[in-house]
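Descriptive structure summary
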Amino acid sequence: MAANELSINQLSTVLNSIHSQATGKTAIAVTDTSSFVTVAQATLKAGYDPVLQAISQVLSRTIFSIRPYNAKFKGLMADSIRYGNHVRKLQTIDKPFEDDVRTLLTDTYSVDQYVVNKPVVLQTNYYGEETFAKSLTIFRDQLDTAFSTPEEFQRFLAMVMGNASDMIEQAHENVARATLANFIGGKVVTEPVGGNEQVVHMITEYNTETGLSIDAEDLAQPETFATFWKWAYAKIAEISALMTERSILYHTNITDKEIMRHTPANLQKVYLFNPFKFKIDAMVLSSAYHDNYLKYADKEVVNFWQSIQTPDTIKVKPVYMDSTDGSLVNAEAAITQANVFGVIFDEEAVGITTVNQWSAPTPFNAKGGYSNMFWHFTDRYWNDFTENGVVLLLD
C-alpha cells in the first residue's frame, strides 16, 4: 500500500517486471526463416569497441537503427502541474427535496427562512508518488575507435538518444496498462454475488435475453459470431448512453453518501480488445454498424491488457475503495481474470500525471573520458472508483 502513503516510492523493480510481461520476455505474472532472409546478429566480426564492446571497428558504412516509438494509452495521460495534481477531490452529495411550505400557511403560522440545511460534502484524497530513472554513458574515445567522421558519431548519438526516448515512451505505456488493469481488477474483485452494473458478463446476458446457451468457444462459429457481436455493440452503446444519466450506478458509493455521477459522451473512454475488434469491423459491422453510437467517446483498441503472451488476461493484486467507509483495501490475494473484452470509464476514473520530469548531463569525466546523462520522472498513477466505469467480460 506504499503508493497510497505520504511517500515517494521507487518504481524501477515493478516497471521492469511490467515491461518484461508487456514485451513478451516473461509470461504473465502477478504485478505486487535461412536461404534468403538476412538476420541481424550480435556477433562482432571486425573487432570491437574497447569501451562498449558492442560496436564494430570503422567500416565503410554504418547503419544506425532507430525508429521513434509513440506510446499507446495516451488517453490516460492527464495534465501536469508542477507541485501536484489530482490530490484532493471534493464532491457534493444529493439531499432529498423538501415540502413547499407555501401551501401550509395559515393564520398565526410563522415560517422560519433561516433554518440551516448544510450541504453534504465528500472529500477523497490521493497520496504518494512513484519515481524511476534512466541513465546513459557517452564515451569521448568512441569518436576515434568506432566512427570515421564526427557526423557519423553524431548519428550514433542520435540513435542512442532515440532509443532512450523510446524506452521512456514504452515505460509510461506499460505502467498505463497496469494502472488500467488495477481498475479492472478492482471492479471484478468487488463484484457482489449476482453481479452488478459495473461488471457485464456479455455472453451470460446474451443467453438470458435470447434464450440461447452459447459459450466463448461458440463465438468462432459463423452462425453465432455475427448475431452476438451485433448484440454486443448495441449493449456497449446502451451502457454508454446510460452513463450520461445522473445516477448512483456504475461507480462505488460510500455508505450514507451515495454519489450522483454522470459521464457525458465526450468524457467517456472506451477501450476494446483488438483481436475481436478487427474481426468485428471486417465481418459484422462493415454493413450494419456506423460510428454514431460512440462517435464522441475517446476510443482505443487494446492489443493486450497486461502481457503480450496472454493478451486477454489480467493478473493483478489490486487496491480499491471500500464502499463502507471509503478506505482503501489491498486485495488479500491476486486475481486472474481472462476474457476481458473492454472497459468503458469516465476520463477522471483512470489516469497518469507526470508531476515532475527532467534530464541533465554530468560534467565530462576527464579521468574516465565520458559523460553520463540522466532522466528522472515523478509520476502519479491513479484510479478513482467513485467515477463511472464498466468492465466488459466475454463469459
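Just so it is clear, the structure is predicted and the values come from calculations on it, not from any experiment.

The rules behind each value
Residues numbered from 1 in each chain as written. Predicted model: local features only at pLDDT ≥ 70, side-chain atom pairs only at ≥ 80, totals over all residues. Heavy atoms only, no water. Pairing = 2+ DSSP bridges. Helix = DSSP H or I, 4+ residues; strand = E, 2+ residues; numbered from the N terminus. Axes fitted to C-alpha atoms, helices over the stretch in contact; angles between N-to-C directions. Phe/Tyr/Trp six-rings, centres within 6.5 Å; stacked < 30°, edge-to-face > 60°. Buried < 20%, exposed > 50% of the residue type's maximum accessible area, 1.4 Å probe, protein only. Lys NZ or Arg CZ within 6 Å of the ring centre and 35° of its normal. Polar contact = N/O pair within 3.5 Å; in protein donor to acceptor, adjacent residues only side chain to side chain. Contact = heavy atoms within 4.5 Å. Core = buried A, V, L, I, M, F, W, Y, C linked by side-chain atoms within 4.5 Å. Salt bridge = Lys/Arg side-chain N within 4 Å of Asp/Glu carboxyl O. pLDDT = per-residue confidence, 0-100. Patch = residues over 30% accessible without salt bridge, like charges linked within 9 Å, V, L, I, M, F, W, Y side chains within 5 Å. Areas by Shrake-Rupley, 256 points an atom, 1.4 Å probe, with all protein chains shown as cover. Parallel < 35°, antiparallel > 145°, perpendicular 65-115°, else oblique. Nonpolar A, V, L, I, M, F, W, Y, C, P; charged D, E, K, R; others polar. Arc of directions from axis to C-beta.

On the basis of which strands lie adjacent, the open sheet formed by five strands has the order E6-E16-E13-E7-E8 and mixed pairing. On the outer flanks of this sheet lie strand E6 (199–201) and strand E8 (298–302), each paired with one strand and no other. The sheet shows a mean angle of 15° between the axes of neighbouring strands, direction not considered. For strand E7 (residues 268–273) and strand E13 (residues 340–346), the ladder comprises five bridges, and the chain directions are antiparallel.

What follows deals with the packing of aromatic side chains. A full pass over the atoms with the stated rule returns nine aromatic pairs. Between the aromatic rings of Phe-228 and Trp-229, the centroid separation amounts to 4.9 Å while the plane-to-plane angle is 75°, which identifies the pairing as edge-to-face. A relative accessible area of 0% places Phe-228 in the buried class. Among the aromatic side chains, those forming a connected cluster through ring pairs are Tyr-206, Phe-225, Phe-228, Trp-229, Trp-231 and Phe-341. Its end group placed over the ring of Phe-304, Arg-177 keeps NZ or CZ at 3.7 Å from the ring centre.

By the element assignment, Asn-253 lies in the loop between helix H5 (222–242) and E7. With a relative accessible area of 17%, Asn-253 lands in the buried category. A polar atom in the side chain of Asn-253 sits 2.8 Å from the backbone oxygen of Ile-248. Within the structure, the side chain of Asn-253 is placed 3.4 Å from the side chain of His-251, a separation counted as a polar contact. Excluding its chain neighbours within four sequence positions, the residues that come into contact with Asn-253 are Ile-248, Glu-258, Ile-259 and Ser-323.

Before going further, it helps to examine unusual backbone geometry. Its identity as a non-glycine residue notwithstanding, Tyr-250 has a phi of 70°, on the positive side. With relative accessibility at 6%, the residue Tyr-250 sits in the buried group. Positive phi outside glycine occurs at Asp-256, with the angle close to 70°. Take Asp-256: it is sitting in the loop between H5 and E7. With a relative accessible area of 74%, Asp-256 lands in the exposed category.

The next point concerns the nonpolar core. Core analysis: the biggest nonpolar cluster contains 53 residues, and Leu-180, Phe-228, Trp-305 and Leu-392 have the highest contact counts within it. Broken down by element, this core gets its largest block of residues, eight residues, from H5. If sequence neighbours within four positions are ignored, Leu-392 has contacts with Val-200, Met-202, Ile-236, Ile-239, Leu-272, Asn-339, Val-340, Phe-341, Gly-342 and Ile-344. Core analysis: the next-biggest nonpolar cluster, separate from the first, contains nine residues, Leu-136, Val-160, Ala-164 and Met-373 among them.

Enumeration over the complete set of coordinates arrives at five salt bridges. Between Arg-177 and Glu-173 there is a salt bridge, with its nearest N and O atoms 2.8 Å apart. Of this pair, Arg-177 and Glu-173 both sit in helix H3 (residues 150–189), separated by four residues, roughly a single helical turn. With relative accessibility at 2%, the residue Glu-173 sits in the buried group. Taking the shortest distance from any N to any O, the salt bridge between Lys-235 and Glu-238 comes out at 3.8 Å. One end of the pair, Lys-235, and the other, Glu-238, are both in helix H5, three residues apart, so they sit about a helical turn from each other. With relative accessibility at 11%, the residue Lys-235 sits in the buried group. Via salt bridges that share partners, Glu-205, Lys-235 and Glu-238 belong to a single interconnected network.

Here the focus is the confidence of the model for the protein. Here the protein averages 75 in pLDDT, while 68% of its residues score no lower than 70. Here helix H7 (residues 285–288) stands out as the element of the protein with the lowest mean pLDDT, 51, in contrast to strand E16 (residues 389–393), whose mean of 95 is the highest. Every residue in residues 33–62 is under pLDDT 50, and counting partners more than four places away or in other chains gives 35 contacts.

Looking at the element boundaries, Ser-307 is found in the loop between E8 and strand E9 (314–316). Expressed as a C-alpha distance, the spacing of Ser-307 and Arg-177, which sit 130 residues apart in the sequence, is 9.4 Å. Every residue in contact with Ser-307, bar those within four places of it in the chain, is listed here: Gln-21, Thr-26, Ala-27 and Ile-28.

Let us now look at a nonpolar patch on the surface. Side chains of Val-101, Leu-104, Leu-105, Tyr-109 and Val-111 sit close together on the surface and give an oily, nonpolar patch of about 430 Å² of accessible area. With respect to the helices and strands, Leu-104 occurs in the loop between strand E3 (88–93) and strand E4 (120–125).

Moving on to the side chain of Arg-261. Within the fold, Arg-261 resides in the loop between H5 and E7. Residue classification places Arg-261 among the buried residues on the basis of a relative accessible area of 11%. There is a polar contact of 2.9 Å between the side chain of Arg-261 and the backbone oxygen of Thr-386.

A separate point is the packing of helix H4 (residues 202–210) against H5. Between two packed helices, what matters for the description is the angle formed by their axes and the separation of those axes. Close contact between H4 and H5 brings their axes to 11 Å; oriented N to C, the two are set at 105°. By the angle class used here, H4 and H5 are roughly perpendicular. Each of Met-202, Ile-203, Glu-205, Tyr-206 and Glu-209 in H4 lies in contact with H5, whose residues at this interface are Thr-227, Phe-228, Trp-231, Ala-232, Lys-235 and Ile-236. Along the lines of polarity and charge, the residues of the contact of H4 with H5 split into seven nonpolar, one polar and three charged.

With that settled, the discussion passes to H4. It helps to recall that an α-helix has 3.6 residues per turn; residues three or four apart then point in one direction. Among all positions in H4, only Met-202, Ile-203, Tyr-206 and Asn-207 are buried. Mapping the buried residues of H4 onto a view down its axis gives an arc of 130°, with all of them on the same face. The exposed residues of H4 that point more than 90 degrees off its buried face are Thr-208 and Glu-209. In this fold, the buried residues of H4 make contact with E6, H5 and E16. Following H4 by one or two positions, Gly-211 adopts a phi angle in the positive range, close to 80°.

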